[in-house]
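Topology and contacts: notes
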Amino acid sequence: MFDFIKTNYSQESNIILGGDFNCKLDSEDSEKSKEILEKSLVELKLLDLWKHFKGYEKGFTCYKNEKNPSRIDYIFLHNNLESSFLRMCLYKSPSLRGQKRLSDHYGISVSMNC
């Protein structure tokens, strides 16, 4: 995905990229996927919105294991768009008629001034 972006977009493109990256950027562990993601974010000038604007507030997005939640879902924003950012929220997925939730991931909502 990052190679596609590097090949098809300029360094100054206004990129917003979000999804489940299955990678813990805030982990002390040294993993290849974390290294690749961090390097790509720097090369593409992308900000981790949650970390940039919420600082060290946890912002867990995955509760597959209730005792060990993680933040593996991200919204990355090109630094050109930083001043357009207004608000970011996490919300639980709904459950159907009292059943289990539709997902073990939280949704991420971002508001921007276009």
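Heads up: the structure comes first, above all this text.
The sections below set out a description of the structure shown in this document.

Cut-offs used in this document
- Residues numbered from 1 in each chain as written.
- Predicted model: local features only at pLDDT ≥ 70, side-chain atom pairs only at ≥ 80, totals over all residues.
- Heavy atoms only, no water.
- Phe/Tyr/Trp six-rings, centres within 6.5 Å; stacked < 30°, edge-to-face > 60°.
- Helix = DSSP H or I, 4+ residues; strand = E, 2+ residues; numbered from the N terminus.
- Buried < 20%, exposed > 50% of the residue type's maximum accessible area, 1.4 Å probe, protein only.
- Salt bridge = Lys/Arg side-chain N within 4 Å of Asp/Glu carboxyl O.

**Remarks on the packing of aromatic side chains**
In this structure the tally under the stated criterion is seven aromatic pairs. With a centroid separation of 5.1 Å and an interplanar angle of 70 degrees, the aromatic rings of Phe21 and Phe76 are classed as edge-to-face. Of this pair, Phe21 sits in the loop between strand 1 (16-20) and helix 2 (32-43) while Phe76 is found in strand 3 (residues 73-78), placing the two residues 55 residues apart along the sequence. Comparing Phe21 with Phe76 shows no difference in burial state: the two are buried. Relative to Tyr63, the ring of Phe60 has its centre 6.5 Å away and its plane inclined at 90 degrees; by these criteria the two rings are edge-to-face. We classify Phe60 as partly exposed; its relative accessible area is 23%. Aromatic rings pair up to connect Phe21, Tyr74 and Phe76 into one cluster.

**Side note on unusual backbone geometry**
Of note in the backbone geometry, Asn22 takes a positive phi value of approximately 45 degrees without being a glycine. Along the chain, Asn22 turns up in the loop between strand 1 and helix 2. Overall, the relative accessible area of 57% leaves Asn22 in the exposed class. With a phi angle near 60 degrees, Lys45 is a residue other than glycine that sits in the positive phi range. Mapped onto the elements of the fold, Lys45 is located in the loop between helix 2 and strand 2 (46-48). Classification of Lys45 by relative accessible area gives partly exposed; the value is 32%.

**Section: the pattern of salt bridges**
Throughout the structure, instances matching the rule amount to four salt bridges. Where Arg71 meets Asp48, a salt bridge forms, and the shortest distance between an N and an O atom there is 2.7 Å. Of this pair, Arg71 sits in the loop between helix 3 (49-54) and strand 3 while Asp48 sits in strand 2, and the two are 23 residues apart along the sequence. Each of Lys6, Lys39 and Glu43 takes part in one network of salt bridges that share partners.

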